[in-house]
Amino acid sequence: MASAKVAVLKTSPETVLSDYRTLMHLAEYQKYLPKDRDTALKINITWHYYYPACSTPPWQLEGVIKTLLEDGYKRELLHACHNRTVVVSAKKGERNNKHLPVVQKYGLRNIHLYEGEQWTRYEPKAKMRVLDQIFPRGIEIPKRLIGENIVHLPTMKTHVFTTMTGAMKNAFGGLLHERRHWTHSVIHETLVDLLTIQKEIHPGIFAVMDGTIAGDGPGPRCMVPFIKNYILASADQVAIDAVSAKMMGFDPLALPFIRIAHESGLGCGNPNEIEVVGEDIREVNFHFRASQNTFASYGQKLIYWGPLKPLEKFLLRTVLAPWSYAASVIFHDWIWHPAIGKHRTSRILQTSWGKLFQSY
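The rules behind the values
- Residues numbered from 1 in each chain as written.
- Predicted model: local features only at pLDDT ≥ 70, side-chain atom pairs only at ≥ 80, totals over all residues.
- Heavy atoms only, no water.
- 1 Å grid on protein atoms, 1.4 Å probe; cavity = no way out; pocket = protein on both sides within 12 Å on 5 of 7 lines; lining within 4 Å.
- Points joined across faces, edges and corners; volume = space filled by probe spheres on them.
- Nonpolar A, V, L, I, M, F, W, Y, C, P; charged D, E, K, R; others polar.
- Axes fitted to C-alpha atoms, helices over the stretch in contact; angles between N-to-C directions.
- Helix = DSSP H or I, 4+ residues; strand = E, 2+ residues; numbered from the N terminus.
- Parallel < 35°, antiparallel > 145°, perpendicular 65-115°, else oblique.
- Left-handed = near helix turned anticlockwise from the far one by under 90°.
- Contact = heavy atoms within 4.5 Å.
- Polar contact = N/O pair within 3.5 Å; in protein donor to acceptor, adjacent residues only side chain to side chain.
- Core = buried A, V, L, I, M, F, W, Y, C linked by side-chain atoms within 4.5 Å.
- Buried < 20%, exposed > 50% of the residue type's maximum accessible area, 1.4 Å probe, protein only.
- Arc of directions from axis to C-beta.
- Salt bridge = Lys/Arg side-chain N within 4 Å of Asp/Glu carboxyl O.
- Patch = residues over 30% accessible without salt bridge, like charges linked within 9 Å, V, L, I, M, F, W, Y side chains within 5 Å.
- Areas by Shrake-Rupley, 256 points an atom, 1.4 Å probe, with all protein chains shown as cover.
- Disulfide = S-S within 2.5 Å.
- Phe/Tyr/Trp six-rings, centres within 6.5 Å; stacked < 30°, edge-to-face > 60°.
- Lys NZ or Arg CZ within 6 Å of the ring centre and 35° of its normal.

Engineer: Whenever I open this one, empty space enclosed by the protein confuses me. Can you help?
Structural biologist: A water-sized probe, rolled over the atoms, reveals where empty space remains. Applying the stated criterion to the full structure yields 3 cavities of 30 Å³ or more. What the largest cavity holds in volume is close to 60 Å³. If you trace the largest cavity, you find it lined by I43, I45, H82, N83, R84, T85, V88, S89 and A90. Looking at the lining of the largest cavity, its residues break down into 4 nonpolar, 4 polar and 1 charged. Taken as a whole, the second largest cavity encloses approximately 50 Å³ of empty space. The residue inventory of the lining of the second largest cavity, partitioned by class, reads 6 nonpolar, 3 polar and 1 charged.

As structure tokens, this is what we get:
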């Protein structure tokens, strides 16, 4: 008998908003999100440019907001939620990825967690695997998220550190401050710790994943975007990542963060124990690969897991740290995006999904 449920649907630019409503109902989302609590819509902004599959697309955000409002969730209790990254501007990202027009259209609050929001030291009830060691002075999280529901809005894409990224990784930006890169060398255990904390602080957790355009290769930015026309939803953060991983062509239980979370009872990572409703995806395999590296990720891996490991704290946690931020910006924004990214984006913008994006 299946111990978790994940809804999966095929969609199109013409039907995507209504399909998101059907998807969320298939996943029985109202069972998991109390209507009397504030609900944070955790938008994913992985780059301040629009790059297909990289960040939450506007139709994903609109489909979720529209469904919540139509089902009686109060507008005043909903808000868009953004985090800060040292190399990515959320303010530019919400404009370039067309999030801001959607939030304004539906009259929602737009919360940037690093602007006027109180961060508080949180002591988890459960034992942490790594976070208490990385932040020995205390784990700080946004105070407003304590007691709120959260809806994660990731996309289907690969990742150079975790093979794929989805619902569990989406909390990485929301719960931890900009020094979260300190955890990259133990990223799998970190994601498990963050899910543990989420289960303590959120009355309701739900994830809606967009795979209309999915990303393959050295993600989460330098990917090749492919139109796949899938959307997914689940209250089980481990299960939705497991199903997404399997669809992309990976063995979910071979990915440490999914396996550890599964073994810890935080969700179901075994596809054989997950009930998939909506589409029959047993034969779906994107044949994605996440083994490639960019120049930037190769350098990072040398520091996190390679011969430069003894210098990790010196290079990334001292006054020398800005060199790594500058290197990332130079490579991604000044070199890769103008030379490669813009051309790939232009090709997608000529498709029906690209035309939908430009209509926002």
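So, next bit.
Engineer: Would you mind going over the packing of helix 1 (residues 16-26) against helix 2 (residues 58-70) with me for this structure?
Structural biologist: Relative orientation of the contacting elements helix 1 and helix 2 amounts to 60°, with a least axis distance of 8 Å. Judged by the inter-axis angle, helix 1 sits oblique to helix 2. With respect to the hand of their crossing, helix 1 and helix 2 are arranged in right-handed fashion. Residues V16, L17, Y20, R21, M24 and H25 of helix 1 touch helix 2, and the partners they reach there are W59, Q60, E62, G63, V64, T67 and E70. Split into classes, the residues belonging to the contact of helix 1 with helix 2 amount to 6 nonpolar, 4 polar and 3 charged.

Engineer: How do you make sense of the side chain of H112 when you look at a structure like this?
Structural biologist: Relative to the elements of secondary structure, H112 occurs in strand 4 (residues 109-112). A polar side-chain atom of H112 sits 3.2 Å from a polar atom in the side chain of E94. Beyond its immediate stretch of four places on either side in the chain, H112 contacts H82, A90, K91, E94 and E117.

Engineer: Teacher, can you tell me more about the layout of surface pockets here?
Structural biologist: Each pocket or cavity is described by its volume, and for the second largest pocket that value is around 300 Å³. Around the second largest pocket, the lining comprises 18 residues; the ones closest to its centre are Y32, K199, I205, A235 and D236. Those elements that provide at least two residues to the lining of the second largest pocket are strand 1 (4-10) and helix 7 (187-201). Top contributing element to the lining of the second largest pocket by residue count: helix 7, with 3 residues. Residues that form the lining of the second largest pocket fall into these classes: 7 nonpolar, 6 polar and 5 charged.

Engineer: Just to check I follow, could you spell out the nonpolar core for this structure?
Structural biologist: In summary, soluble globular proteins display a tendency toward joint burial of nonpolar side chains. Counting residues in hydrophobic clusters, the biggest one holds 62 residues, and the most contacted among them are L232, M247 and F286. Tallying contributions element by element places helix 8 (residues 237-248) first for this core, with 8 residues. Setting aside its immediate chain neighbours within four residues, F286 contacts M156, A214, K228, Y230, M247, M248 and G249. In terms of nonpolar packing, the next biggest core, distinct from the first, is built from 49 residues, A80, V87, C222 and V277 among them.

Engineer: Is there a simple way to think about helix 1 in this case?
Structural biologist: Because each turn of an α-helix spans 3.6 residues, side chains separated by three or four positions in sequence point in the same direction. Among the residues making up helix 1, those that are buried are V16, D19, Y20, L23 and M24. Along the long axis of helix 1, the arc covered by the buried residues comes to 135°, so they all point the same way. Packing partners of the buried residues in helix 1 comprise strand 1, helix 2, strand 10 (205-216), strand 11 (224-234) and helix 13 (352-359). Looking one or two residues past helix 1, E28 carries a phi angle of roughly 55°, positive in sign.

Engineer: Even after reading the chapter, I still don't get the pattern of salt bridges, so can you show me in this structure?
Structural biologist: Two side chains that carry opposite charge are able to pair once their charged atoms sit near each other. Here the structure, examined in full by the defined rule, presents 12 salt bridges. Put simply, E70 and R21 hold a salt bridge, and the shortest N to O gap is 3.2 Å. Of the two residues, E70 sits in helix 2 while R21 sits in helix 1, which places them 49 residues apart along the sequence. On the accessibility criterion, E70 (44% relative accessible area) is partly exposed. Ionic pairing is found between E117 and R144, a salt bridge with its closest N-O pair at 3.1 Å. One end of the pair, E117, is in the loop between strand 4 and strand 5 (119-122); the other, R144, is in the loop between strand 6 (139-142) and strand 7 (149-153), with 27 residues separating them in the sequence. Through salt bridges with shared partners, a single network forms among R21, K66, E70 and D71.

Engineer: Even after reading the chapter, I still don't get a nonpolar patch on the surface, so can you show me in this structure?
Structural biologist: Among the surface-exposed residues, I330, W334 and I335 lie close enough to one another that they form a single nonpolar patch of about 330 Å² accessible area. Checked against the element boundaries, W334 lands in helix 12 (residues 322-349).

Engineer: What am I meant to see in the state of the cysteines here?
Structural biologist: A covalent bond between the sulfur atoms of two cysteines is what we call a disulfide. One pass over the structure, following the stated rule, counts 0 disulfides. In this structure C222 is not part of a disulfide, and its nearest cysteine sulfur, from C54, lies 8.6 Å away. Among the residues examined, C222 registers a relative accessible area of 4% and is labelled buried.

Engineer: Teacher, can you tell me more about the packing of aromatic side chains here?
Structural biologist: Working definition: an aromatic ring pair is given by the centre-to-centre distance plus the angle between the planes. Throughout the structure, instances matching the rule amount to 11 aromatic pairs. Between W47 and Y49, the ring centres sit 5.5 Å apart and the planes meet at 65°, which makes this aromatic pair edge-to-face. On the numbers, 5.5 Å between centres and 80° between planes, the contact of Y51 with W336 is edge-to-face. Here the residue Y51 occupies a position in the loop between strand 2 (39-43) and helix 2, and W336 occupies one in helix 12, the gap between them amounting to 285 residues. Judged by relative accessible area, W336 falls into the buried class, the value being 8%. Pairwise contacts between aromatic rings join W47, Y49, Y51 and W336 into one cluster. Geometry around F357 places K98 over its ring, the cationic atom sitting 4.5 Å from the centre. Across from the ring centre of F286, 4.6 Å away, lies the NZ or CZ of K228, which sits over that ring.

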